[in-house]
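Single-letter residue listing:
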Amino acid sequence: MADTRTAARKQDIFAATRALLVELGGQGLTMRKVADRTGISLGNLQYHYSNREVLLQALLNSFLAEYEAGMAEIGARPSGNLEGDLKKLLLAIFSDPGIEACGVIFKELWAEAQHHPEMKEAMAAYYKRLSSHYADLFSELAGVPSRAPEVGRAVSVIVPLLEGYCITGNVSKTSDSKLAKDWARMISSVLSDKV
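Just so you know, these numbers come straight off a predicted model, no measurement behind them.

A.B. asks: Help me understand the overall build of the protein chain in this model?
C.D. replies: For the protein chain, the count of helices and strands is nine helices and zero strands. Of the regular secondary structure in the protein chain, the N- to C-terminal order runs α-α-α-α-α-α-α-α-α. Expressed as lengths along the three principal axes of its C-alpha atoms, the size of the protein chain is roughly 60 × 35 × 35 Å. When burial is assessed residue by residue, the protein chain has 41% of its 195 residues classed as buried. Residue pairs at least 24 apart in sequence account for 68% of intrachain contacts in the protein chain once pairs closer than 6 positions are excluded. Accessible surface, the protein chain as shown: approximately 10500 Å² in total, 54% of it carbon and sulfur. Across the protein chain, the centroid of the 22 positively charged side chains sits 2 Å from that of the 23 negatively charged ones.

And the structure:
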């Protein structure tokens, strides 16, 4: 029973921390504000997370695990039409309901990671896993080995594009469908080694 209460309390703390990151940014986030938003004392918050950096590290790990679990659900089902398959993949990513909040939270966590070695290491490990996941997806869709140079180049294109989309997608005047079509064409060209 205590483990269930502890897990629920930690989820409440993470929800409050995420909301405050979206509202105030990393600079405005304090342990006191998290405790107040969660409805607990500062001492109780510090029982779970001794300081702001420990809290942000735990939030980062939780956030990345959730994101990776969502990405794992997006599978590659090759139909023989690489560009069409890539467009479906991209639309699935774009339609994730948490993508807008993801952009704000991820940006804040990334900025914090630049000042904290443990968070920076966690972020680097995440990028390696994410790149490997995209390499596997592209390999499956294009029918080429995941270590092929064109797969590596396609991964180096998609990761920054998606991060930019997370941050600026809500102000884009281009529809998700058109954007997915354009990106699919570009990534297909890279995977086909036509660039």
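Further notes follow.
A.B. asks: How do you make sense of the pattern of salt bridges when you look at a structure like this?
C.D. replies: Two side chains carrying opposite charge are able to pair once their charged atoms lie near each other. Counted according to the given criterion, the structure contains six salt bridges. A salt bridge links Glu 112 to Arg 52; its shortest N-O distance comes to 2.9 Å. Here Arg 52 lies in helix α4 (residues 52–73) and Glu 112 lies in helix α6 (residues 99–113), a separation of 60 residues in the sequence. Each member of the pair Glu 112 and Arg 52 is classed as buried.

A.B. asks: Help me understand the confidence of the model for the protein chain, please; the structure alone is not making it clear to me.
C.D. replies: If pLDDT is low for a region, its predicted coordinates should not be looked at in detail. For the protein chain, mean pLDDT is 87; residues scoring 70 or higher make up 94% of the total. Looking over the protein chain, one finds the lowest element-wise mean pLDDT in α6, namely 76, and the highest in helix α2 (residues 31–38), namely 96.

A.B. asks: Just checking my understanding: could you explain the packing of helix α8 (residues 149–168) against helix α9 (residues 176–191) for this structure?
C.D. replies: Between two packed helices, both the angle of their axes relative to each other and the distance between the axes serve to describe the pair. Close contact between α8 and α9 brings their axes to 8 Å; oriented N to C, the two are set at 160°. By the criterion of interaxial angle, the relationship of α8 to α9 is roughly antiparallel. Every pair of crossing elements has a handedness; the one defined by α8 and α9 is right-handed. The residues of α9 that touch α8, namely those facing Glu 150, Val 151, Arg 153, Ala 154, Val 157, Ile 158, Leu 161, Leu 162 and Tyr 165, are Asp 176, Leu 179, Trp 183, Met 186, Ile 187, Val 190 and Leu 191. Residue composition of the contact of α8 with α9, by class: 13 nonpolar, no polar and three charged.

A.B. asks: It is not clear to me how the side chain of Glu 112 should be interpreted in this structure. Could you clarify?
C.D. replies: Given the relative accessible area of 9%, Glu 112 is considered buried. When sequence neighbours within four positions are dropped, the list of residues in contact with Glu 112 reads Gly 26, Arg 52, Leu 56 and Met 119.

A.B. asks: Just checking my understanding: could you explain α2 for this structure?
C.D. replies: Since the α-helix packs 3.6 residues into each turn, any two residues three or four apart lie on the same face. Taken as a whole, α2 has its buried residues at Met 31, Val 34, Ala 35 and Thr 38. Along α2, the residues classed as buried sweep out an arc of 100° about the axis, all on the same side. Two residues or fewer past α2, Gly 39 is found with a positive phi of approximately 85°.

A.B. asks: Would you take a moment to explain the packing of α4 against helix α7 (residues 117–142) for this structure?
C.D. replies: At a closest axis distance of 10 Å, the pairing of α4 and α7 adopts a crossing angle of 5°. On the basis of their axis angle, the class for α4 and α7 is roughly parallel. Here Leu 56, Gln 57, Leu 60, Asn 61, Leu 64, Tyr 67, Glu 68, Met 71 and Ala 72 of α4 lie close against α7, whose contacting residues are Glu 118, Met 119, Ala 122, Met 123, Tyr 126, Arg 129, Leu 130, His 133 and Tyr 134. Its residues assigned to classes, the contact of α4 with α7 shows 12 nonpolar, three polar and three charged.

Cut-off values and rules
Residues numbered from 1 in each chain as written. Predicted model: local features only at pLDDT ≥ 70, side-chain atom pairs only at ≥ 80, totals over all residues. Heavy atoms only, no water. Helix = DSSP H or I, 4+ residues; strand = E, 2+ residues; numbered from the N terminus. Buried < 20%, exposed > 50% of the residue type's maximum accessible area, 1.4 Å probe, protein only. Contact = heavy atoms within 4.5 Å. Areas by Shrake-Rupley, 256 points an atom, 1.4 Å probe, with all protein chains shown as cover. Lys, Arg positive; Asp, Glu negative; His and termini not counted. Charge placed at Lys NZ, Arg CZ, Asp CG, Glu CD. Salt bridge = Lys/Arg side-chain N within 4 Å of Asp/Glu carboxyl O. pLDDT = per-residue confidence, 0-100. Axes fitted to C-alpha atoms, helices over the stretch in contact; angles between N-to-C directions. Parallel < 35°, antiparallel > 145°, perpendicular 65-115°, else oblique. Left-handed = near helix turned anticlockwise from the far one by under 90°. Nonpolar A, V, L, I, M, F, W, Y, C, P; charged D, E, K, R; others polar. Arc of directions from axis to C-beta.

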